[in-house]
Amino acid sequence: MGIPLLICDDSNMARKQVARSLPTDWDVDITFATNGVEGLQAIKEGKGEITFLDLTMPEMDGYGVLEHVFSEGLNAMVIVISGDIQPEAHERVKKMGALEFIKKPINKEKLSDVLNAYGLHKN
């Protein structure tokens, strides 16, 4: 059984792009969520040990998800993937507990570097 990995983004295209960017030899069980409410529920169900999280989504944004994950002590290593390139957004998500911030559109090499840096995957 692979590592439970959640891709939470309201854009179907973005979810597919992140999934295609994952290392092909990485043993993960992928779950998709289309908004923060679905994403938070998936994390609570143990499906988001590693979570790729967009910031701008309906129903609950990525900031709301981060707030719940860390205030409730949920088991999730969160990497934010967002088009919001404001330095304030980067600082805010890091302060909230996200491991890293990757800008959209996702770059496969950058993703690989982040996964390696945190010991989540070795290439």
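Below is a summary of the structure that appears in this document.

### Some thoughts on unusual backbone geometry
In the segment running from K104 into P105, the intervening peptide bond is cis, with an omega of -10 degrees. Mapped onto the secondary structure, P105 falls in the loop between strand 5 (100-103) and helix 5 (108-117). The backbone of E59 sits at a positive phi, close to 70 degrees, despite the residue not being glycine. Tracing the backbone through its elements, the reader meets E59 in the loop between strand 3 (50-53) and helix 3 (62-71).

### With respect to the packing of aromatic side chains
Counted by the stated rule, this structure contains zero aromatic pairs. Stacked on the ring of Y63, the Lys or Arg R92 has its end atom at 3.7 Å from the ring centre.

### As for empty space enclosed by the protein
Scanning the entire structure with this criterion turns up one cavity of 30 Å³ or more. Around the largest cavity, the lining residues are I7, C8, D9, V18, F52, L53, D54 and I81. Of all elements in the fold, only strand 1 (3-8) and strand 3 reach the threshold of two or more residues within the lining of the largest cavity. Here the lining of the largest cavity is composed, by residue class, of six nonpolar, no polar and two charged.

### Overview of the pairing of strand 5
Bridging between strand 4 (residues 77-82) and strand 5 involves four bridges; their strand directions are parallel. Bridge pairing links I81 to I102 in strand 5.

### Some details on the nonpolar core
If you look at the biggest cluster of nonpolar residues, it comprises 22 residues, and the most contacted ones within it are L53, L55, L66, V69, V78, V80 and V93. Going through the elements one at a time, strand 1, helix 2 (36-44), helix 3, strand 4 and helix 4 (87-96) are the ones with two or more residues in this core. For this core, the element with the most residues is helix 3, which contributes four residues. If near-sequence neighbours (up to four positions away) are discounted, V93 is found in contact with L55, Y63, L66, V80, A98 and F101. Counting 16 residues, the second-largest nonpolar core is a separate cluster that includes V18, I81, I102 and L111.

### Side note on the pattern of salt bridges
The tally for this structure, following the rule as stated, stands at five salt bridges. D9 serves as the salt-bridge partner of K104, at 2.7 Å between the closest nitrogen and oxygen. Of this pair, K104 sits in the loop between strand 5 and helix 5 while D9 sits in the loop between strand 1 and helix 1 (12-21), and the two are 95 residues apart along the sequence. Judged by relative accessible area, D9 falls into the buried class, the value being 4%. Salt-bridge contacts for K104 lead to D54; the nearest nitrogen and oxygen are separated by 3.4 Å. Of the two residues, K104 is situated in the loop between strand 5 and helix 5 and D54 in the loop between strand 3 and helix 3; the sequence distance between them amounts to 50 residues. Three or more residues joined by partner-sharing salt bridges are found here, namely D9, D54 and K104.

### Considerations on the pairing of strand 4
With respect to burial, strand 4 is a largely interior element, five of its six residues being buried. Examined bridge by bridge, strand 3 and strand 4 share four bridges and lie parallel to one another. Residue F52 lies in a different strand from strand 4, and its bridge partner there is I79. Tracing the backbone out of strand 4, into helix 4 and back to the parallel element strand 5 gives a crossover that is right-handed.

Reading guide: rules and limits
- Sequence order as written defines the numbering, with residues in each chain counted from 1.
- Reporting of local features is limited, given that this is a predicted model, to residues whose pLDDT is at least 70; pairs of side-chain atoms are given and counted only at 80 or more, and all residues count toward the totals for whole chains, interfaces and linings.
- Here the side-chain values reflect all heavy atoms present in the structure, with hydrogen atoms and water set aside.
- Numbering goes from the N terminus for both helices and strands, where a helix is a DSSP run of H or I of at least four residues and a strand is a run of E of at least two.
- Note on aromatic contacts: the rings of Phe and Tyr and the six-membered ring of Trp form a pair at centre separations within 6.5 Å, being stacked when their planes are under 30 degrees apart, edge-to-face when over 60 apart, and tilted otherwise.
- A ring has a charge above it when a Lys NZ or an Arg CZ is no more than 6 Å from the ring centre and no more than 35 degrees off the ring normal.
- In this analysis a 1.4 Å probe is tested at points of a 1 Å grid over the protein atoms alone, and where it fits but cannot get out there is a cavity; an open set with protein on both sides within 12 Å along at least five of seven lines is a pocket; lining residues have an atom within 4 Å of a point.
- Grid points are joined across faces, edges and corners, and a volume is the space filled by probe spheres set on the points.
- Side-chain classes follow a simple rule in which Ala, Val, Leu, Ile, Met, Phe, Trp, Tyr, Cys and Pro form the nonpolar group, Asp, Glu, Lys and Arg form the charged group, and the remainder, Gly included, forms the polar group.
- Any two strands between which DSSP finds at least two bridges are classified as paired.
- Buried Ala, Val, Leu, Ile, Met, Phe, Trp, Tyr and Cys residues that are joined via side-chain atoms within 4.5 Å together make up what is termed a nonpolar core.
- Each residue is placed in one exposure class: buried if its accessible area under a 1.4 Å probe, protein chains only, is under 20% of its type's maximum, exposed if it is over 50%, and partly exposed if it falls in between.
- Residue contacts are defined here by distance: any two heavy atoms, one from each residue, within 4.5 Å place the two residues in contact.
- Salt bridge, as used here, is a side-chain nitrogen of Lys or Arg placed within 4 Å of a carboxyl oxygen of Asp or Glu.
- By definition, the crossover connecting two strands over a helix is right-handed if that path, from the first strand to the second, turns clockwise as seen with the strands pointing away from the viewer.

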